[in-house]
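Structural characterization, general
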Amino acid sequence: MQLSDKKATLSFSDGSAPIEFPVYQGTIGPDVIDIRKLYGQSGMFTYDPGFLATASCESGITYIDGDKGQLLYRGYPIDQLAQKCDFLDICHLILNGDLPNKEQKAEFDSLVTHHSLVHEQLHFFLRGFRRDAHPMAVLTGLVGALSAFYHDSTDITNPHHRQVSAIRLIAKMPTLVAMAYKYSQGQPFIYPQNDLSYTGNFLRMMFATPCEEYKVNEVVERALDRIFILHADHEQNASTSTVRLCGSSGTNPFAAIAAGVACLWGPAHGGANEACLQMLEDLQANGGVAKVGEFMEKVKDKNSGVRLMGFGHRVYKNYDPRAKLMQETCKEVLASLGLENDPLFKLAMELERIALEDDYFVQRKLYPNVDFYSGIVQRAIGIPTSLFTAIFALARTVGWIAQWNEMLSDPDYKIGRPRQLYVGPQVRDVPSR
Ligand code: SDX
């Protein structure tokens, strides 16, 4: 970041001396006011619950222009990346700062491929869960448990250890997610197969059985690879901020990523794709398109507690570019699988059409987000609804670990420790008991 020639001055109505703050500018996007000396000079904190106007860090990984509906990974627009790259290209880009050349790609792909096995003891660890446990409960446990197996790469001050942990996490997440799925189905775990692509390997670990050869469907492989690309990183969202705050204590990378998995599970965040598909299925079961008007009235009624899941976003006040690409992928996959008349897709398109014409949504700048169509695609390729957020976590792992690494690579980083506005009781003595 660089110092702007602009300054910010804070003046007080009680005649206290004004305070001047430096302003910094980034490559693109809003400038920031550096308020680090505010408390020392005024005895006051800023107040910004939910961090709507607070930059927690500087980062060079992802940039979102919410008004334009633009998303860049290391400067490249998401639509170009989704069309021209595969997910491991994106992992290399997000982790290392640029797309791999031919040799770098061969080396990176091979490195990830040869770290996809997990320690056999994790198979026993997994068997401690109930078979009907939610996959995100299992995944939170499994990812945290990785720190019990990989002590040789948890020195967070060592850049090589950080790189090894990054590769291990990217490589093992598909294996862990597939294991959680197989366990819930009562089927045997399928080991990674090194001659398959990252996404083809995941599909085989998910849907193959020891009873017959499994052939990867190329349309499904490409669609799922694109879903991974669209979910890879997204600035300082709730789960990424969780990983940064957790990692800032110096804990190991597996524990920090497990915290991100736990945060992503929430329906306001990564759990929205599961909640969105549940909403569409419930609507479909209760009248479908004919009942959309009635449903939308509930959504607009504050007291109903009903939200249009997959709609709205803290940053995007325009169409989420990922939702557009996801809708395209939806059409491609449904057509290739002969499901172009999928009622849920038609219902989702009708919901979107009505919402985008309705004042309630237009005034609040509520548009479809990444979660609105992703569930329909995943359902069409056979992924169970309860696994959608685990797929999101699989894809977001590269973003989380890259952001964690970026934080730790800054020699001036500090443990995160927000302050508060205290509104509790005055000091008082404990009465005699
Ligand atoms: C993800 O941060 C990220 O980048 C996240 C993510 C990523 O890649 O990491 O993009 C992934 O989490 C996408 C978002 C998935 N969540 C959902 O689809 C759940 C439904 N959406 C909302 O709950 C909501 O839109 C949020 C949580 C996404 C954003 O909430 P904000 O920014 O806190 O906005 P808000 O709740 O203050 O809403 C502003 C207004 C309110 O109405 P008023 O009080 O002004 O009258 O819009 C309304 C809200 O009631 N509103 C909705 C709505 N979302 C917001 N009304 C109906 N349906 C919705 N979905």
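Residues numbered from 1 in each chain as written. Predicted model: local features only at pLDDT ≥ 70, side-chain atom pairs only at ≥ 80, totals over all residues. Heavy atoms only, no water.

Here we look at the sheet that holds strand S3 (residues 32-33)
Here we have 3 strands laid out as an open sheet, ordered S1-S2-S3, and antiparallel in their pairing. Strand pairing shows two members of the sheet lacking a second neighbour, strand S1 (2-10) and S3, which therefore form its edges. Judged from the 2 bridges that link them, strand S2 (residues 19-25) and S3 form a sheet pairing that is antiparallel. Looking at the pairing, Tyr24 lines up with Val32 of S3. (Pairing = 2+ DSSP bridges. Helix = DSSP H or I, 4+ residues; strand = E, 2+ residues; numbered from the N terminus.)

Notes on the sheet that holds strand S6 (residues 76-77)
If you trace the 3 strands from one edge of the open sheet to the other, you get S4-S5-S6, paired in antiparallel fashion. Edge strands, defined here as strands with exactly one partner in the open sheet, are strand S4 (62-65) and S6. By the bridge criterion, 2 bridges tie strand S5 (residues 70-73) to S6 in an arrangement that is antiparallel. Across the sheet, Leu72 pairs through a bridge with Pro77, a residue of S6.

Let's talk about the packing of aromatic side chains
Applying the stated rule across the entire model yields 14 aromatic pairs. Seen from their ring centres, Phe87 and Tyr198 are 5.4 Å apart, and the 40° between their planes marks the pair as tilted. Taken together, the positions of Phe87 in helix H3 (residues 87-96) and Tyr198 in helix H8 (residues 198-207) put the pair 111 residues apart, joining distant regions of the chain. For Tyr198, a relative accessible area of 12% translates into the label buried. Plain terms: the ring middles of Phe372 and Tyr373 are 4.9 Å apart, the flat faces sit at 80° to each other, and that makes the pair edge-to-face. Take Phe372: its relative accessible area is 1%, and that puts it in the buried class. By the ring-pair criterion, three or more aromatic residues cluster together here, those being Phe311, Phe345, Tyr360, Phe361, Phe372 and Tyr373. The ring of Tyr360 has Arg364 sitting right over it, with the charged end atom 3.8 Å from the ring centre. (Phe/Tyr/Trp six-rings, centres within 6.5 Å; stacked < 30°, edge-to-face > 60°. Buried < 20%, exposed > 50% of the residue type's maximum accessible area, 1.4 Å probe, protein only. Lys NZ or Arg CZ within 6 Å of the ring centre and 35° of its normal.)

Quick look at the side chain of Thr62
In this fold, Thr62 is placed in strand S4. Among the polar contacts listed, one links the side chain of Thr62 to the side chain of Asp233, at a separation of 2.5 Å. Ignoring anything within four residues of it in the chain, the contact list for Thr62 reads Leu71, Leu72, Tyr73, Asp233, His234 and Glu235. (Polar contact = N/O pair within 3.5 Å; in protein donor to acceptor, adjacent residues only side chain to side chain. Contact = heavy atoms within 4.5 Å.)

Side note on the side chain of Asn369
Mapped onto the fold, Asn369 is located in the loop between helix H16 (359-363) and helix H17 (371-380). On the basis of relative accessibility, which here comes to 7%, the residue Asn369 falls in the buried class. Those residues in contact with Asn369 that lie beyond four places of it in its chain are Gly310, Phe311, Gly312, His313, Asp320 and Ala323.

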